[in-house]
Amino acid sequence: MNSSVVISGVGLWTPEHSISNEELVTSYNAWAEHFNLENAAAIKAEEIEAKPLSSAGFIEKASGIKSRYIYSKEGALDIHRMRPILEVRDDEQVSHQAEMAIAAAKKALIAANKTADEIDMVIVSCAYTQRSYPAIAIEVQAALGVEGFGFDMLVACSAATFGLQRAVDAVKAGTSKGVLVINPELTSPQVNYMDRDSHFIFGDVATAVVIESSDTCKSAHAFDVVSTKCVTSYSNNIRSNFGYTTRTTDEDPYSADKLFHQNGRKVFKEVCPMAADHIEKHLLSEGIQVSDLKRWWLHQANINMNLLISKRLLGRDATREEAPVVLDEYANTASAGSIIAFAKYHVDLAAGDIGVICSFGAGYSIGSLILRKR
Ligand code: CO8
């Protein structure tokens, strides 16, 4: 049998703290009422707008999100702070994001039945990195004892699928024998907990995937990577303007435009057809029909987006067995969402079953991998 590139293991690390919609809304509403009281005169004079109240009912109906995990809960719900507190670590200590990444990577290695000496490339691919250098990937590489090289990649919600494509190509080309693609999504520092429209969207998590050749694979639950497809198309509808030049502009580093912000309605309308079209074209390029798919491990931003995408392709709502939902518990975890779905829902598939991992989000960026169970 010809050798192929496989996903041989996946790891999921979940933070111990979570925030329910009710807790989040109670905090936001207390903050908004406090703000409105403090600024009553300016609001009355129409110099500033009153902060509208949030609602747990709206959040669940509009997004499907019921709860989210958070790496550090302290401070995030404090109406005099409205951002998490991360303890400062010195240069000799493991960084927060590397800690998350290492935990997920170790689980992926166990799932793949591999040791660190069988890996020679570490990609940390996510929406933000805690610092620019040294790369988080190199810190993780050192902590795991991997010989070879590592680098960081930033592709927002498609960081995992784009990172996986790099890994698949490296194994195919023979430049790597085993790759860890890790997505430590520490999103909470960039969430604007004072913005009613987006305070509920994101959660923290870390996922990791082992990519290798089928020749070296020792996993009982491996998937051949049939093919990968990535596209980007520039859009300003999802942005974060915080960057290393912020201090030179003398702007407020905490202003709303420095944090995650979006035109959610436009994103919904524009990205759903793009993602559906992307999946269909990718499947067709491999001679696979939509009806051949046993599982859709879709990006987890919004339940209504996923229903729309699968309905566009299937002509009906996908069942939860076909398109598993994890965003109710995890919320939008940027690039990790589709990988969480894969981690939780792949063991039951039979040899030959076909599934697709697909991400879509800021950039815009869309990435997909067609997988076949070995
Ligand atoms: N509570 C109560 N009411 C609310 C709330 C709230 N929390 N928020 C909004 N409303 C109100 C609005 O004011 C509006 O009122 P009105 O009709 O009177 O104007 C009404 O509810 C409807 O508001 P929206 O039009 O905003 O509501 P939608 O139905 O469109 O739902 C969503 C909003 C859920 C945001 C939806 O538009 C959506 O999910 N869109 C897609 C978003 C998406 O997928 N974005 C991808 C971003 S993720 C990504 O790319 C990665 C970035 C990197 C990670 C960042 C980490 C921090």
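Treat the numbers as computed from the prediction; the structure is a model and nothing was measured.

(A) Quick peek at the overall build of the chain. Per the secondary structure count, the chain includes 11 helices and 13 strands. Along the first, second and third principal axes, the C-alpha set of the chain runs to 75 × 55 × 35 Å. Out of the 374 residues in the chain, the part that is buried amounts to 54%. Relative to all contacts within the chain whose residues are 6 or more apart in sequence, the contacts with residues 24 or more apart total 77%. When the accessible area of the chain is evaluated, it comes to approximately 16,800 Å², of which 51% is carbon and sulfur surface. A gap of 5 Å separates the mean positions of the 36 positive and 46 negative side-chain charges of the chain.

(B) Fine view of helix 9 (residues 303-314). An ideal rise of 1.5 Å per residue puts 16 Å on 12 residues; helix 9 measures up with 16 Å between its terminal C-alpha atoms. Regarding helix 9, the residues found buried are Ile303, Met305, Asn306, Ile309, Ser310 and Leu313. Here the buried residues of helix 9 occupy an arc of 160° about the axis, which is enough to place them on one side. Lining the buried residues of helix 9 we find helix 3 (56-63), helix 8 (264-285), strand 11 (293-298), helix 10 (327-330) and strand 12 (354-361). Downstream of helix 9 by a residue or two, Gly315 has a phi angle that is positive, lying close to 80°.

(C) Examining the pattern of salt bridges more closely. Applying the stated criterion across every chain yields a total of 17 salt bridges. Linking Arg166 and Asp169 is a salt bridge whose minimum nitrogen-to-oxygen distance equals 3.3 Å. Of this pair, Arg166 and Asp169 both sit in helix 6 (residues 159-173), separated by three residues, roughly a single helical turn. The partly exposed category is assigned to Arg166, whose relative accessible area is 33%. Between Glu322 and Arg316 there is a salt bridge, with the nearest N and O atoms lying 2.7 Å from each other. On the basis of relative accessibility, which here comes to 15%, the residue Glu322 falls in the buried class. Connected through shared salt-bridge partners, Lys114, Glu118, Glu212 and Lys218 make up one network.

(D) Inspection of the site of the ligand at higher detail. Around the ligand, the structure places 28 residues, and the nearest of them are Cys157, Arg196, Gln262, Asn302 and Ala362. One of the side-chain N or O atoms of Gln262 is found 2.8 Å from a nitrogen atom in the ligand. Within the side chain of Asn302, an N or O atom sits 2.7 Å from an oxygen atom of the ligand. The protein chains hide 77% of the 1,200 Å² of surface that the ligand would expose on its own. Elements represented by at least two residues in the shell around the ligand include exactly helix 3 and helix 8. Considering each element in turn, the shell around the ligand owes the most residues, four residues, to helix 8.

(E) Quick peek at the UniProt feature "domain: Beta-ketoacyl-[acyl-carrier-protein] synthase III C-terminal" (unreviewed entry) in the chain. Within the UniProt annotation, "domain: Beta-ketoacyl-[acyl-carrier-protein] synthase III C-terminal" (unreviewed entry) is assigned to residues 286-372. With 28% helix and 25% strand, residues 286-372 has end C-alpha atoms that lie 12 Å from one another.

(F) Highlighting the nonpolar core. Counting 50 residues, the largest nonpolar core has Tyr193, Ile279, Leu283, Trp296, Ile309, Leu313 and Phe360 as the members making the most contacts within it. Broken down by secondary-structure element, the contributors of at least two residues to this core are helix 1 (21-38), helix 3, helix 8, strand 11, helix 9, strand 12 and strand 13 (365-373). Among the elements that make up this core, the one with the highest residue count is helix 8 (seven residues). Those residues in contact with Tyr193 that lie beyond four places of it in its chain are Leu24, Tyr28, Ile70, Ala76, Met82, Arg83, Pro84, Ser188 and His199. Core analysis: the second largest hydrophobic core is formed by 37 residues, Ile7, Met153, Ala341 and Leu371 among them.

(G) Representation of the UniProt feature "domain: Beta-ketoacyl-[acyl-carrier-protein] synthase III N-terminal" (unreviewed entry) in the chain. Following the UniProt record, one finds the feature "domain: Beta-ketoacyl-[acyl-carrier-protein] synthase III N-terminal" (unreviewed entry) at residues 151-217. For residues 151-217, helix accounts for 22% and strand for 31%, while the C-alpha atoms at its two ends are 24 Å apart.

(H) Representation of the packing of helix 4 (residues 96-112) against helix 5 (residues 136-144). Across the interface, helix 4 lies against helix 5 with an axial gap of 9 Å and an inter-helix angle of 50°. What the angle tells us is that helix 4 and helix 5 run oblique. Considering only the axes of helix 4 and helix 5, their crossing is right-handed. Across the interface between the two elements, Gln97, Ala98, Ala101, Ile102, Ala105 and Lys106 of helix 4 pack against Ile136, Glu139, Val140, Ala143 and Leu144 of helix 5. Of the residues in the contact of helix 4 with helix 5, the class split is eight nonpolar, one polar and two charged.

(I) Focus on the packing of helix 1 against helix 3. At a minimum axis separation of 9 Å, helix 1 and helix 3 run at an interaxial angle of 130°. With respect to helix 3, the axis of helix 1 lies oblique. Seen from above, helix 1 lies across helix 3 with right-handed handedness. Two secondary-structure elements touch here, helix 1 through Asn21, Glu22 and Val25 and helix 3 through Ala56, Ile59 and Glu60.

(J) Structural detail: unusual backbone geometry. Omega for the peptide link from Tyr133 to Pro134 comes to -5°, which places this bond in the cis form. Note that the residue after Gly363, namely Tyr364, is joined by a cis bond; omega there is -10°. Phi angles above zero are rare outside glycine, and Ala331 is one such case at about 65°. Structurally, the position occupied by Ala331 is in the loop between helix 10 and helix 11 (337-344). By relative accessible area, which is 1% here, Ala331 ends up buried.

The rules behind each value
Residues numbered from 1 in each chain as written. Predicted model: local features only at pLDDT ≥ 70, side-chain atom pairs only at ≥ 80, totals over all residues. Heavy atoms only, no water. Helix = DSSP H or I, 4+ residues; strand = E, 2+ residues; numbered from the N terminus. Buried < 20%, exposed > 50% of the residue type's maximum accessible area, 1.4 Å probe, protein only. Contact = heavy atoms within 4.5 Å. Areas by Shrake-Rupley, 256 points an atom, 1.4 Å probe, with all protein chains shown as cover. Lys, Arg positive; Asp, Glu negative; His and termini not counted. Charge placed at Lys NZ, Arg CZ, Asp CG, Glu CD. Expected span 1.5 Å × (residues − 1). Arc of directions from axis to C-beta. Salt bridge = Lys/Arg side-chain N within 4 Å of Asp/Glu carboxyl O. Near = heavy atom within 4 Å. Polar contact = N/O pair within 3.5 Å; in protein donor to acceptor, adjacent residues only side chain to side chain. UniProt positions renumbered as here; feature names shortened; annotations may be inferred. Core = buried A, V, L, I, M, F, W, Y, C linked by side-chain atoms within 4.5 Å. Axes fitted to C-alpha atoms, helices over the stretch in contact; angles between N-to-C directions. Parallel < 35°, antiparallel > 145°, perpendicular 65-115°, else oblique. Left-handed = near helix turned anticlockwise from the far one by under 90°. Nonpolar A, V, L, I, M, F, W, Y, C, P; charged D, E, K, R; others polar.

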